[in-house]
Amino acid sequence: MMADSFGLKTLAQVKRRNFFICAALLAVGAVGHCGVSGSADPAPLLSLLGWSSMFVLLGAAVGAGWIPAEWSGMCSGSVSLVAAALLIHVTGGPASPYFPMLSALPLVVATFASEIRGATILTSLGMVGVVVLLDTLAGMPARQMLLHVSCFGLISGVAIFLAGTYRRTRSAERSAQQERWVAQQERWVAQQERLVAQQERLAALERLAESERRRLRAERERAEVERLVLVGQLAAGVAHEVNNPLAFVKSNLHYLEQELLGGDGPMDRAELRDVLEETKQGVLRIQQIVTDLRRFSREGEGEEAGQPEDALHEAKRLASVRLRSLGEVSLDVTPGLPPVRLGQRQLVQVLVNLLLNAADAVEMAVPARRAHIVVRARRVEGGVRLEVEDNGPGLPPEVMSRLFEPFFTTKPPGKGTGLGLALCREYVSRAGGTLLAENRCEGGARFSLVLPLGAERAAPAACGLAS
């Protein structure tokens, strides 16, 4: 709306300036007429000055908004037609030097009032009427009058055709300009939409990144909780596992104290050497238990490859504090197994979880029996296969389908979180492996773990005695 108002105001200013310029030219023409003709007749001078005055009034009216700018051409044509007819009449009628001026009026109106469809036609009819009137007043013969009408009629036809052509050209230009403006607006809107879409994508990516960060943090926390739960399950057997070597370490130290401080006879050096070696083994056993628990309870450091053989021995040592009173774990491991893609800490956690589940299954078996858990590890095509078998009651069909669901457990309240097997499968799947459960024909359950090969890593340095 503001753009349309600004355009109309600009058009009115242009029209007003044109009226003032035409008025000045007519005034100059009046002076020139007097100088060229040398006549003292004031009628031509008054006609030209009157015509100029009317243009000044029209310019002022258009500038003030009293006359719409688009109607100014029609008004100027009407005024010019009347003024030209009066000027031609007072200067000799059809013989006047100004008589040919009539033919220019339709062309001028066709140019400056093309937006009004009937302006050129009305001016052309008015021009023919003025020609007939002037010829009649001058007593022109009918034949000469018809010739004038024909000539001016032809000029009128040309003016009408040019007006239509000019109007169509202007309309096409405005349409093209409008289309360009619409296209520009569409491009601008498209750019804004692309910008908004890009901002939305960036915001979505940021939300996705934040969600992924929260998921990873929750996953780490969940893994830590499950690892601490396993440590808690092992804690009950730790005291017994530590007390056994601690008891004979104390006994040996007491014996050495008596031999070194209170003995009267000669000391048997071979026996003392055996006692010291036995004491050393007891201390190393206690150190190994503490080291395994500390390493297992600490969050993993992001190893990319795990050593199956090392992981099996470590898992067996950790699980032994729980299995000591229930039975035994047998290892059937092919020597020289290559590294696998699952990290060492996670591999140990998976194996400990499977061993403790096997121990719980045998413990709940009816009738009671001594646990016999077998762990096998062998090289297969493209990876390493590990199996954990127990001699428990096996897995019921209704449990088999939900075994790896989060928070699903068959253990009594307080003995399990329901996250152990779900977390194990998640670790294994992320490494590109598989974890499956089945019942053995001989009784009991079997968990099969297949892991793809990983990168070789340097062997860990041997641990010294804890300070």
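Before going into details, it helps to say that this report is about the structure given with it. (Residues numbered from 1 in each chain as written. Predicted model: local features only at pLDDT ≥ 70, side-chain atom pairs only at ≥ 80, totals over all residues. Heavy atoms only, no water.)

1. Quick notes on the pattern of salt bridges
If the charged atoms of two oppositely charged side chains come close together, the side chains can form a pair.
Right, so step 1: For the coordinates displayed, the defined rule picks out 14 salt bridges.
Right, so step 2: Between Glu210 and Arg213 there is a salt bridge; the shortest N-O distance is 2.6 Å. Highlighted residues: Glu210 and Arg213, both in helix H6 (residues 142-262), separated by three residues, approximately one helical turn.
Right, so step 3: A residue is classified by how much of its surface remains accessible, and Glu210, at 26% relative accessible area, is partly exposed.
Right, so step 4: In this structure Arg213 comes out as partly exposed when scored by relative accessible area, which is 39%. (Salt bridge = Lys/Arg side-chain N within 4 Å of Asp/Glu carboxyl O. Helix = DSSP H or I, 4+ residues; strand = E, 2+ residues; numbered from the N terminus. Buried < 20%, exposed > 50% of the residue type's maximum accessible area, 1.4 Å probe, protein only.)

2. A closer look at the sheet that holds strand E5 (residues 445-452)
Right, so step 1: Read from one edge of the open sheet, five strands run E1-E2-E3-E5-E4, paired in mixed fashion. The sheet is open, and its two edges are formed by strand E1 (327-333) and strand E4 (434-439), each paired on a single side. In this sheet, adjacent strand axes meet at a mean angle of 15 degrees when their direction is disregarded.
Right, so step 2: Two strands pair when backbone bridges link them, and strand E3 (residues 383-389) and E5 are joined in this way by seven bridges, in the antiparallel orientation. Note that in E5 the partner of Glu389 across the bridge is Arg446.
Right, so step 3: This element, helix H9 (residues 344-363), spans E1, strand E2 (371-380), E3, E4 and E5 of the sheet and lies at about 145 degrees to E2.
Right, so step 4: The strands touched by helix H11 (residues 420-430) within the sheet are E4 and E5, with E4 carrying the most contacts at an inclination of about 135 degrees. (Pairing = 2+ DSSP bridges. Axes fitted to C-alpha atoms, helices over the stretch in contact; angles between N-to-C directions. Contact = heavy atoms within 4.5 Å.)

3. Side note on the pairing of E4
Right, so step 1: For E4 and E5, the ladder comprises six bridges, and the chain directions are antiparallel. Residue pairing across strands places Glu438 opposite Arg446, the latter belonging to E5.
Right, so step 2: Taking the residues between adjacent antiparallel strands as the criterion, E4 and E5 are bridged by five residues, where Gly443 takes a positive phi near 105 degrees.

4. So, the packing of aromatic side chains
Right, so step 1: Taken as a whole and assessed by the stated rule, the structure comprises two aromatic pairs.
Right, so step 2: With a centroid separation of 6.4 Å and an interplanar angle of 90 degrees, the aromatic rings of Trp51 and Phe55 are classed as edge-to-face. Of this pair, Trp51 and Phe55 both sit in helix H2 (residues 42-64), four residues apart, which is roughly one turn of that helix. Residues Trp51 and Phe55 agree in their burial class; the two are buried.
Right, so step 3: Measuring from centroid to centroid gives 5.4 Å for Phe99 and Phe152, while their planes differ by 80 degrees, and the two rings are edge-to-face. Of this pair, Phe99 sits in the loop between helix H3 (72-90) and helix H4 (104-112) while Phe152 sits in helix H6, and the two are 53 residues apart along the sequence.
Right, so step 4: Residue Phe99 is classed as buried on the basis of its relative accessible area of 6%. (Phe/Tyr/Trp six-rings, centres within 6.5 Å; stacked < 30°, edge-to-face > 60°.)

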